[in-house]
Amino acid sequence: MSAWKVTLPCTRDEAEAIGFESGDFDGGVLPGIDPAPVLLTSETVADDPDSWRLEAYFDGKPRKSDIAALRTLVPSANKVREVVEKLPDEDWVTLSQQGIEPVHAGRFYVHTSTNRGVVPDGATSFQIEASRAFGTGTHETTAGCLRTLDAMRRNGTVVRNLVDIGTGTGLLAFAALHLWPRAYATASDIDPVAVEVTAENAAINGVPLGVGMGELALAAAPGLEHPLLIGRAPYDLIIANVLAGPLIELAPAIAAALVEGGTLVLAGLLDTQVDRVAGAYRRHGLRLAGRTPMGNWPTLRLRKRVRYGQARVTRPGPDGHGLAPGFGSW
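Residues numbered from 1 in each chain as written. Predicted model: local features only at pLDDT ≥ 70, side-chain atom pairs only at ≥ 80, totals over all residues. Heavy atoms only, no water.

### Points about the overall build of the protein chain
Applicable threshold: Strands are runs of DSSP state E lasting at least 2 residues, helices are runs of H or I lasting at least 4, and numbering of each runs from the N terminus. Remark: exposure states derive from per-residue accessible area (1.4 Å probe, protein chains only) relative to the maximum for the residue type, with buried under 20%, exposed over 50%, and partly exposed in between. Residue contacts follow a heavy-atom distance rule, with two residues in contact if any of their heavy atoms lie within 4.5 Å. All accessibility values rest on the Shrake-Rupley procedure with a 1.4 Å probe; residue burial counts only the protein chains present in the view.
A tally of regular secondary structure across the protein chain gives 10 helices and 14 strands. Buried residues in the protein chain amount to 54% of all 330 residues. In the protein chain, the proportion of contacts linking residues at least 24 apart, taken out of those at least 6 apart, comes to 67%. Surface accessibility of the protein chain: about 14,700 Å² in total, with carbon and sulfur atoms responsible for 50%.

### Re the nonpolar core
Nonpolar side chains in soluble globular proteins tend to be buried together. Rules: Among buried residues, those of type Ala, Val, Leu, Ile, Met, Phe, Trp, Tyr and Cys that are joined through side-chain atoms within 4.5 Å constitute a nonpolar core.
The biggest cluster of nonpolar side chains holds 33 residues, and the ones touching the most others in it are Leu146, Leu149, Trp180, Leu216 and Leu237. Elements represented by at least two residues in this core include exactly β5 (103-105), β6 (108-111), α4 (140-154), α5 (171-179), β9 (184-189), β11 (235-241) and β12 (258-267). With 8 residues, α5 is the largest single contributor of residues to this core. Setting aside residues no more than four positions away along its own chain, leucine 216 makes contact with Ala173, Phe174, Leu177, Ala185, Thr186, Ala187, Thr198, Val207, Pro208, Leu209 and Gly210. If you look at the next biggest cluster of nonpolar residues, it comprises 28 residues, including Ala221, Ala233, Leu264 and Leu269.

### Points about the sheet that holds strand β13 (residues 286-292)
Defined as follows: Between any two strands, pairing holds if DSSP finds at least two bridges. Angles shown run from 0 to 180 degrees and are taken between the N-to-C directions of axes, each axis being a line fitted to C-alpha atoms and, for helices, limited to the stretch in contact.
Pairing in this open sheet of 7 strands is mixed, and the strands run β10-β9-β8-β11-β12-β14-β13 from one edge to the other. Two strands bound the open sheet, and with one partner strand each, they are β10 (216-220) and β13. Shown here is a sheet whose adjacent strand axes are inclined to one another by a mean of 20 degrees, direction ignored. Two strands pair when backbone bridges link them, and strand β8 (residues 161-165) and β9 are joined in this way by 5 bridges, in the parallel orientation. Note on β9: the bridge partner recorded for leucine 162 is alanine 185.

### Considering the sheet that holds strand β3 (residues 52-59)
Pairing within the open sheet is antiparallel, and its 4 strands lie in the order β2-β3-β1-β4. Lying at the two open borders of the sheet, with one neighbouring strand each, are β2 (38-43) and β4 (83-86). In this sheet, neighbouring strand axes are inclined to one another by 20 degrees on average, regardless of whether the strands run parallel or antiparallel. Helix-sheet contacts for helix α2 (residues 64-71) involve β1 (3-10), β2, β3 and β4, and the interaxial angle to β1 is about 30 degrees.

### Brief notes about the pattern of salt bridges
Put simply, the test is: The rule for a salt bridge is simple: a side-chain nitrogen of Lys or Arg has to be within 4 Å of a carboxyl oxygen of Asp or Glu.
By the definition in use, this model includes 8 salt bridges. The shortest N-O distance in the salt bridge between arginine 53 and glutamate 55 comes to 3.8 Å. A relative accessible area of 12% means that glutamate 55 is categorised as buried. Of the charged contacts in the structure, one is a salt bridge between aspartate 271 and arginine 291, with a shortest N-O distance of 2.9 Å. Here aspartate 271 is found in the loop between β12 and α10 (274-282), whereas its partner arginine 291 is found in strand β13, with 20 residues between them in sequence.

### Observations regarding the packing of α4 against α5
Selection rule: The cut-offs work like this: below 35 degrees is roughly parallel, past 145 is roughly antiparallel, 65 to 115 is roughly perpendicular, and the gaps in between are oblique. Polar here means any residue outside two lists: the nonpolar Ala, Val, Leu, Ile, Met, Phe, Trp, Tyr, Cys and Pro, and the charged Asp, Glu, Lys and Arg; Gly therefore counts as polar.
Contact geometry for α4 and α5: axes closest at 10 Å, N-to-C directions at 10 degrees. Looking at the two axes, α4 sits roughly parallel to α5. Touching Thr142, Cys145, Leu146, Leu149, Asp150 and Arg153 of α4 are Leu171, Leu172, Ala175, Ala176 and Leu179, all from α5. Considering only residue class, the contact of α4 with α5 consists of 8 nonpolar, 1 polar and 2 charged.

### Looking at α10
Of the residues making up α10, those classed as buried are Val274, Val277, Ala278, Gly279, Ala280 and Tyr281. Of the surrounding secondary structure, the elements contacted by the buried residues of α10 are α8 (244-249), α9 (251-257), β12, β13 and β14 (299-304).

### What to know about the side chain of aspartate 164
Condition: As used throughout, the charge tally considers Lys and Arg to be positive and Asp and Glu to be negative, leaving His and the chain termini uncounted. In protein, a polar contact means a hydrogen-donor-capable atom and an acceptor-capable atom, both N or O and within 3.5 Å, with residues adjacent in sequence counting only if both atoms are side-chain atoms; elsewhere, any N or O pair within 3.5 Å suffices.
You can see aspartate 164 is positioned in strand β8. Of the side chains with opposite charge, arginine 12 comes closest to the buried, unpaired aspartate 164, at an N-O distance of 13 Å. Of the polar contacts made by the side chain of aspartate 164, one reaches the side chain of threonine 167; its length is 2.7 Å. In this structure aspartate 164 touches Leu172, Ala173, Thr186, Ala187, Ser188 and Ile239, once residues within four positions along its chain are discounted.

### Quick look at the side chain of arginine 232
In this fold, arginine 232 is placed in helix α7 (residues 227-232). For the buried arginine 232, which has no salt bridge, the nearest side chain bearing the opposite charge is glutamate 215, at an N-O separation of 7.6 Å. Engagement of the side chain of arginine 232 in a polar contact is seen with the backbone oxygen of valine 211, the distance being 3.2 Å.

### Focus: the environment of glutamate 43
Among the structural elements, glutamate 43 can be located in strand β2. By relative accessible area, glutamate 43 is classed as partly exposed at 25%. The spatial distance from the C-alpha of glutamate 43 to the C-alpha of cysteine 10 is 9.3 Å, given a sequence separation of 33 residues. When near neighbours in sequence (up to four residues on either side) are disregarded, glutamate 43 contacts Asp48, Ser51, Trp52, His139, Glu140 and Trp297.

### Some points on α2
Short version of the rule: It is the directions from the helix axis to the C-beta atoms whose arc is reported.
Taken together, the buried positions of α2 are Asp66, Ile67, Ala69 and Leu70. All buried residues of α2 fall inside an arc of 160 degrees around its axis, so they share one side. Residues of α2 that are buried make contact with β1, β2, β3 and β4.

As far as function goes, none of this settles anything; it's purely spatial.
So this is what it looks like as structure tokens:
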């Protein structure tokens, strides 16, 4: 069967929403497309949130109904004609990834199966395919988080219990678990498909899944609304690479789930959104402790202040013992 590609313009917000919700094509709110297309998003103009594109790869010529369903994901393109093209009889998955370059951020080297190249000396490599979930390392937000986590480890930060919210492909959770291999680690995403992709990538990269020390536990959940995520709190490291709006909305829950003195790594926001996002967390006892510039997409590192006296709250973590100050009710 021949392969076809449909291309539509989109915004960055739409691209990231597709990263979380591409499972809609697989029997969700956009049923009837079988087999489901592979969806890829990319920038067309650097650092312009309104200049992105969506490419959908189909096994066989897409029907009008398929294109109509695709359009519901990118409403900003409602007045733009889609580009539909038949691909040559080649490996179209490989073709779709030719423009993706490997990323070297901190000690990490992120590549696909088709662009591995030569891994730099001393680098830890992860194979993350361009796929149904956001977070291949190519965007400044993901690369900035990798650099921030690497710098934390080099500066002696100790992490025993971590969570990656909105994990996408699982890359940031994998990197954090590599840096702190004896930690309890959890990764969650609002989209069950992203959780499936994370499990697949964990197998490819030799990351053990499970709920024990040195293993990665997975959950599909909006924000922190899941018994696993609540039960394993409080965390001394929380990573959230999503969007400015959800980051602000999640501030009370994330702050409550972070141990006093713990670190929060935030990304997915523009330079112009830093004050609003940092202000939302400042109101819940976190201060801005560092910033990793990556074009117009900074990564923020925040710390939760330590409280003393009766205001301190204790709760056991995943190992069942020890102080967990600062964790309030949900």
